[in-house]
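Notes for the structure review
Listed here are the chains, written in short residue letters.
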Amino acid sequence: MLLMIPLFFLGAAGASFANCLASRMLIGQSLCCPKRSYCPTCQHPLTWWQLIPVFGWVRQKGRCFFCNAVISPWSTFCELICGLSFIILWNSTYLTWVASFVVFSTLTFLATTDYQQMVIFPFSIVGLLPLLELFPWSFPHSAISIGLCSFYSIFLLALSKCRHSLGLGDCEILILIFWLTGPVIGIAVILISSFLIIPIVIFHRKQQPFVPTIAISLILLSDLVAIRPSLLAVVWSSALAN
């Protein structure tokens, strides 16, 4: 039980770092200079307690302690999602923890760059490779699964050429997910992501970043595997049998 607290802050810290890295790269700023995080409005360096994941934002009531400017809840939302996901993984192996830390941090980075400026840094998707550890049983190794992954890859690339559709960066991430986790997980990610983003698009009536919902979907599926590993394995076996 006591292990859950450090696990929460481990996951939250990874999300916090990834969010900071993404925000700085988007404005062409080095991660090392300035050394300390700062308020984007008043530029005042943050104190140690303001940097504590989730707690810092809650303690400041969503506003800068120095200039009272509103602080975006985006980083706190990412920290909360990743922190809670790590609690769910408390009974996993150390290798799963490491893989989850890398994957969740990468997803946070990708989601943040897409959320803030709809930009995807191609090199960053390499951080999704540890998905092979999180979904080892669904890796496309049969002729059927390879054929399905090939079909969906071609379909997604064609879809990226259409106007008012998915961007090339979105499709590249989804294609990699298909080839690392198999068609069942890949289709599940698309379905859950679409379900999450449709109400947002209807409400805002404009194009929305798709990677954040992809990230949430993949994290949810990772948690589901951690809770009931046999459930998705049965679904996968049934899909191949049919």
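See the structure shown above.
**Considering the environment of Arg36**
With respect to the secondary-structure elements, Arg36 resides in the loop between helix 1 (4-26) and helix 2 (55-59). You can call Arg36 partly exposed: its relative accessible area is 46%. Filtering out sequence-adjacent residues up to four positions away, Arg36 remains in contact with Arg24, Pro45, Leu46 and Thr47. Of note is the side chain of Arg36, whose polar atom sits 2.5 Å from the backbone oxygen of Leu46.

**Examining the packing of helix 7 (residues 168-181) against helix 8 (residues 183-204)**
Two elements in contact, helix 7 and helix 8, have axes whose closest approach is 7 Å; the angle formed by their N-to-C orientations is 145°. Along its contact with helix 7, which presents Leu174, Ile177, Phe178 and Thr181, the element helix 8 presents Pro183, Ile185, Gly186, Ile187, Val189 and Ile190. Looking at side-chain class alone, the contact of helix 7 with helix 8 contains eight nonpolar, two polar and no charged residues.

**Here's the deal with the side chain of Thr213**
Position of Thr213 among the secondary structure elements: in helix 9 (residues 211-227). Contacts of Thr213, omitting those with residues within four sequence positions, involve Ser193, Leu196 and Ile197.

Cut-offs applied
- Residues numbered from 1 in each chain as written.
- Predicted model: local features only at pLDDT ≥ 70, side-chain atom pairs only at ≥ 80, totals over all residues.
- Heavy atoms only, no water.
- Helix = DSSP H or I, 4+ residues; strand = E, 2+ residues; numbered from the N terminus.
- Buried < 20%, exposed > 50% of the residue type's maximum accessible area, 1.4 Å probe, protein only.
- Contact = heavy atoms within 4.5 Å.
- Polar contact = N/O pair within 3.5 Å; in protein donor to acceptor, adjacent residues only side chain to side chain.
- Axes fitted to C-alpha atoms, helices over the stretch in contact; angles between N-to-C directions.
- Nonpolar A, V, L, I, M, F, W, Y, C, P; charged D, E, K, R; others polar.

Interpretation in functional terms is not warranted from these geometric data alone.
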